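Chain by chain, the residues run as shown.
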Amino acid sequence: MADSVQRAVLTGIGGYLPETVVTNDEMSRRVDTSDQWIVERTGIRQRHFAAAHESASFMGASAARAALAMAGLPAESVGAIILATSTPDQAFPATAVHVQAALGAVNAFAFDLAAACSGFIYGLSVADAMIRAGQVQHVLVIGAEVYSRILDFSDRGTCVLFGDGAGAVLLSSRHVSVDGPGVLSTHLHADGRLADILYVDGAVGRPEASGFLRMNGREVFRHAVTLLAAAVSEALAANNLTAQDVDWLVPHQANRRIIDGVGRKLGLPPDRVVVTVDAHANTSAASIPLALAQAMADGRIKPGALVLLEALGGGLTWGSALLRI
Ligand code: UT7
């Protein structure tokens with residue numbers, strides 16, 4: 001094929017959510033908040049919280065199994081596992097190697113990627129580059145998070161916002177036509193000068209190991225819509241596309257008001273935006289693959305659809321990606 005290109009094509013996807021659902025009313029029995037405040041300010045109605053056995057590796061492996069099953073590929077065919085998380089099982093070894101062992105993906109190299117809520121887009125970008133370089137044939141990109149373990153339940157401004165879960169995609173190297181499926185481009189950014197508006201206040205290697213999530217919500221919010229709108233415009237411009245060409249926006253699910261703000265700036269009608277924040281809350285690196293998995297499973301996102309992804313999180317880190325299914 002004269003005009004064929006090598007692309008990272010999504011061949012499988014899966015998600016995992018912990019069994020335990022915690023509603024806003026249940027949260028309001030734990031902290032001084034209300035269902036009304038949480039819904040009005042964030043759109044969140046419930047979140048899933050992990051049980052003791054539902055670690056990042058457990059949930060990530062479950063999501064990855066579903067992605068492999070959809071692709072119809074054995075675990076041995078996976079060449080690399082990239083696991084984006086801020087809540088790893090351990091400081092080391094990487095949570096990704098526990099997933100590798102659980103899957104029996106004996107031919108894969110495996111590593112974790114730390115980019116907070118932007119972790120999935122960062123992972124997608126790294127996987128796309130590895131596939132384009134011809135380094136690997138099949139890559140699992142996983143977002144897996146147990147934020148319930150780093151929430152300060154005395155801080156009502158943060159503890160109501162997050163939930164646990166995992167999502168995984170399998171990307172496979174394919175020669176396709178120019179208008180065929182695959183990752184079209186990814187666009188990554190970081191600004192470490194804003195590291196102190198969203199962070200965890202402890203880590204292995206530091207004397208104070210409290211390890212709770214801290215956020216200046218108003219500051220994060222202030223940057224979010226502007227930076228995300230710029231990142232999605234960048235992705236469209238890089239591909240000579242406009243918002244009219246986009247079938248679905250699948251944004252990171254942090255806050256309904258941020259999602260709506262980016263959709264409005266793009267001029268995308270709400271019925272072309274996938275929203276799961278009501279049911280999942282903010283699952284950080286897991287939120288985009290979970291939302292994508294849901295919208296593909298229920299038939300909204302079909303083969304051939306042009307999907308725009310965006311995320312922003314601690315770092316600050318942010319980015320966007322265009323993907324044809
Ligand atoms: O993945 C990326 C990470 N994070 C984000 O994207 C989050 C970005 N930020 C946000 O989503 C919003 O800033 C929040 C949802 C966190 C907060 O919304 P806000 O409209 O910025 O509220 P605020 O922080 O300005 O607080 C307004 C009021 C305050 O009371 P006073 O001082 O006005 O009396 C807070 O104490 O709401 C109070 N408040 C609450 N009330 C009930 C804060 N948290 C709660 C709560 N329940 N859970």
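Position labels on residues start from 1 in each chain and follow its written sequence. Confidence filtering applies because this is a predicted model: local features only for residues at pLDDT of at least 70, side-chain atom pairs given and counted only at 80 or more, and all residues used for totals across whole chains, interfaces and linings. The side-chain quantities take in all heavy atoms of the structure and omit both hydrogens and water.

Enquirer: Looking at this structure, I do not really get the pattern of salt bridges. What am I missing?
Expert: Where side chains of opposite charge bring their charged atoms close, a pairing between them can arise. Here, a salt bridge means any side-chain nitrogen of Lys or Arg that lies within 4 Å of a carboxyl oxygen of Asp or Glu. For the structure on display, the rule yields eight salt bridges. Two residues, Asp-191 and Arg-193, come together in a salt bridge whose shortest N-O distance is 2.9 Å. Look at Asp-191 and you get buried, because its relative accessible area is 15%. Classification of residues uses two cut-offs on accessible area relative to the type maximum, computed with a 1.4 Å probe and protein chains only: under 20% is buried, over 50% is exposed, and between them is partly exposed. Assessed through its relative accessible area of 71%, Arg-193 is described here as exposed. Two residues, Arg-300 and Asp-298, come together in a salt bridge whose shortest N-O distance is 3.0 Å. A relative accessible area of 30% means that Arg-300 is categorised as partly exposed. According to the relative accessible area criterion, Asp-298 is partly exposed, its value standing at 44%. One salt-bridge network, in which partners are shared between bridges, spans Asp-152, Asp-201 and Arg-214.

Enquirer: Would you mind going over the packing of helix α3 (residues 56–71) against helix α4 (residues 95–103) with me for this structure?
Expert: How two helices pack is summed up by the angle between their axes together with the distance between the axes. Axes here mean lines fitted to C-alpha atoms, for a helix over just the part in contact, with angles spanning 0 to 180 degrees between N-to-C directions. A run of H or I in DSSP counts as a helix once it spans at least four residues, and a run of E counts as a strand once it spans at least two, with each numbered from the N terminus. For the pair α3 and α4, interaxial distance at closest approach is 9 Å and the crossing angle is 50°. In this view, α3 runs oblique relative to α4, as classed from their interaxial angle. Handedness of the crossing formed by α3 with α4: right-handed. Facing α3, whose interface residues are Ala-56, Ser-57, Gly-60, Ala-61, Ala-64, Arg-65 and Leu-68, α4 presents Thr-95, His-98, Val-99, Ala-102 and Leu-103. Only Asp, Glu, Lys and Arg are considered charged, only Ala, Val, Leu, Ile, Met, Phe, Trp, Tyr, Cys and Pro nonpolar, and every remaining residue, Gly among them, polar. Residues of the contact of α3 with α4, tallied by class, amount to seven nonpolar, four polar and one charged. Throughout this description, any angle smaller than 35 degrees is read as roughly parallel, any larger than 145 degrees as roughly antiparallel, any in the 65 to 115 degree range as roughly perpendicular, and the remainder as oblique. With the far helix as reference, a near helix turned anticlockwise by less than a right angle produces a left-handed crossing, and one turned clockwise produces a right-handed crossing. Contact criterion: two residues are considered in contact whenever any of their non-hydrogen atoms come within 4.5 Å of each other.

Enquirer: Help me out: how do you make sense of the sheet that holds strand β12 (residues 306–313) in this one?
Expert: The strands that make up a sheet are held in pairs by hydrogen bonds between backbone atoms, and each pair lies either parallel or antiparallel. The rule for pairing is simple: two strands pair if DSSP sees at least two bridges between them. Overall, mixed pairing links the four strands, which are arranged β8-β13-β12-β11 in an open sheet. Each having just a single partner strand, β8 (182–190) and β11 (248–251) make up the two edges of the open sheet. The mean inter-strand angle of the sheet, taken between neighbouring strand axes irrespective of direction, is 15°. Sheet topology note: the β11/β12 ladder contains four bridges and is parallel. Bridge pairing in β12 places Leu-249 opposite Leu-308. Sheet contacts for helix α5 (residues 119–132): β8, β12 and β13 (317–324); angle to β8, the most-contacted strand, approximately 125°.

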